[in-house]
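# Summary of the model geometry
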Amino acid sequence: LLRHYDRLMVLDDTVLVRRDAPDLFVLVPRDHVGAAVEDDAVRSPEENEALVAMSCLKYDASPLDDARAWFNSGVLLLSAPHAATLLTKIPPAMDFVVLWDQGFLNAMRHSFGHPLHNLGYAFNWLGSFNGSNAERRPMNATDAYMVHATTGLPGYGKDRTQFLGWLDGAWRRGLL
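So, here's what we can say about the structure.

### Notes on the overall build of the protein
- Each helix and strand in the protein was counted, giving five helices and seven strands.
- For the protein, the sequential pattern of α-helices and β-strands runs β-β-α-β-α-β-α-α-β-β-β-α.
- Split into buried and exposed, the 176 residues of the protein put 46% on the buried side.
- In the protein, the share of contacts with a sequence separation of at least 24, taken over all contacts with a separation of at least 6, comes to 73%.
- For the protein, the exposed surface amounts to about 8,800 Å²; the carbon and sulfur share of it is 56%.

### What to know about helix α2 (residues 45-58)
- Its 14 residues place the ends of α2 20 Å apart at the C-alpha level, agreeing with the 20 Å of an ideal helix rising 1.5 Å per residue.
- Burial in α2 covers these residues: Asn48, Leu51, Val52, Ser55 and Cys56. One side of α2 carries all its buried residues, which in axial view fall inside an arc of 125°.
- Its buried side turned inward, α2 meets α4 (101-112).
- Note on α2: the residue one or two positions beyond its end, Asp60, has a positive phi of about 55°.

### As for the pairing of strand β4 (residues 71-79)
- The buried count for β4 comes to nine of nine residues, which makes it a mostly enclosed element.
- Where strand β1 (residues 7-11) meets β4, five bridges bridge the pair, whose relative direction is antiparallel. By the bridge assignment, Val10 is partnered in β4 with Leu76.
- The pairing of strand β3 (residues 33-37) with β4 spans three bridges and is antiparallel. From the neighbouring strand, Gly34 faces β4, where its bridge partner is Leu77.

### Brief notes about the nonpolar core
- Among the nonpolar cores identified, the biggest contains 19 residues, and Phe71, Leu76, Ala107 and Leu116 are the most heavily contacted of them.
- Those elements that provide at least two residues to this core are β3, α2, β4 and α4.
- Non-local contacts of Ala107, meaning those with residues more than four positions away in its chain, are made with Ser55, Cys56, Tyr59 and Ala61.
- Membership of the second largest hydrophobic core comes to 16 residues, among which are Tyr121, Phe129, Ala144 and Leu167.

### Re the pattern of salt bridges
- Counting across every chain of the model gives eight salt bridges.
- A salt bridge links Arg43 to Glu38, with the shortest nitrogen-to-oxygen separation between them at 2.4 Å.
- For Glu38, a relative accessible area of 3% corresponds to the buried category.
- As a salt-bridge pair, Glu46 and Arg68 come within 3.8 Å of each other at their nearest N and O atoms.

### Describing the sheet that holds strand β7 (residues 146-148)
- What the three strands build is an open sheet, ordered β2-β7-β6; its pairing is mixed. Only two strands of the sheet have a single partner each, and these edge strands are β2 (15-17) and β6 (125-126).
- Summarising the sheet, β6 and β7 pair through two bridges and their orientation is parallel. Note on β7: the bridge partner recorded for Trp125 is Val147.

### Here we look at the side chain of Ser73
- Within the element layout of this structure, Ser73 appears in strand β4.
- Looking at Ser73, the relative accessible area reads 7%, which means it is buried.
- One polar contact links Ser73 to Asp101, side chain to side chain, over a distance of 2.8 Å.
- Excluding residues that lie within four positions of it along the chain, Ser73 makes contacts with Asp101, Gln102 and Leu105.

Parameters at a glance
Residues numbered from 1 in each chain as written. Predicted model: local features only at pLDDT ≥ 70, side-chain atom pairs only at ≥ 80, totals over all residues. Heavy atoms only, no water. Helix = DSSP H or I, 4+ residues; strand = E, 2+ residues; numbered from the N terminus. Buried < 20%, exposed > 50% of the residue type's maximum accessible area, 1.4 Å probe, protein only. Contact = heavy atoms within 4.5 Å. Areas by Shrake-Rupley, 256 points an atom, 1.4 Å probe, with all protein chains shown as cover. Expected span 1.5 Å × (residues − 1). Arc of directions from axis to C-beta. Pairing = 2+ DSSP bridges. Core = buried A, V, L, I, M, F, W, Y, C linked by side-chain atoms within 4.5 Å. Salt bridge = Lys/Arg side-chain N within 4 Å of Asp/Glu carboxyl O. Polar contact = N/O pair within 3.5 Å; in protein donor to acceptor, adjacent residues only side chain to side chain.

In structure tokens, the structure reads:
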């Protein structure tokens, strides 16, 4: 798609976007990859560094200086300069150990040296904030602009649809 468009927002199929979300194309510099960096609200910096190292090893990349910056690929903003990230390397089989596409995309950011613009959890609130990371939740889902019903959401599967339906209703009723 980056062969046909100058900028592109890629959303996971379980991301719900609030109608009043700010324009990320204005907020994120063109030369940066826009994504939410998973910090200690999700996992430790050491665990992130290990994920980066494993992903870079698997996909033949060298970690950059920000080797602890692991982003979640559920909401991703790319520009034409990032086309090489997605178009020149075909990923081998992806696996769970490096979190599927996240491992490949994180390694490619390192491989091509693209700077990262942290969108924060307001633009990629993770389902685990209602589950395993609830005690470290940075905000309520209703306060976020984009909510990603990840596999970390309790009751994975049908409950994701129910959660996103409830959230959409809350946003529509103005329960912010």
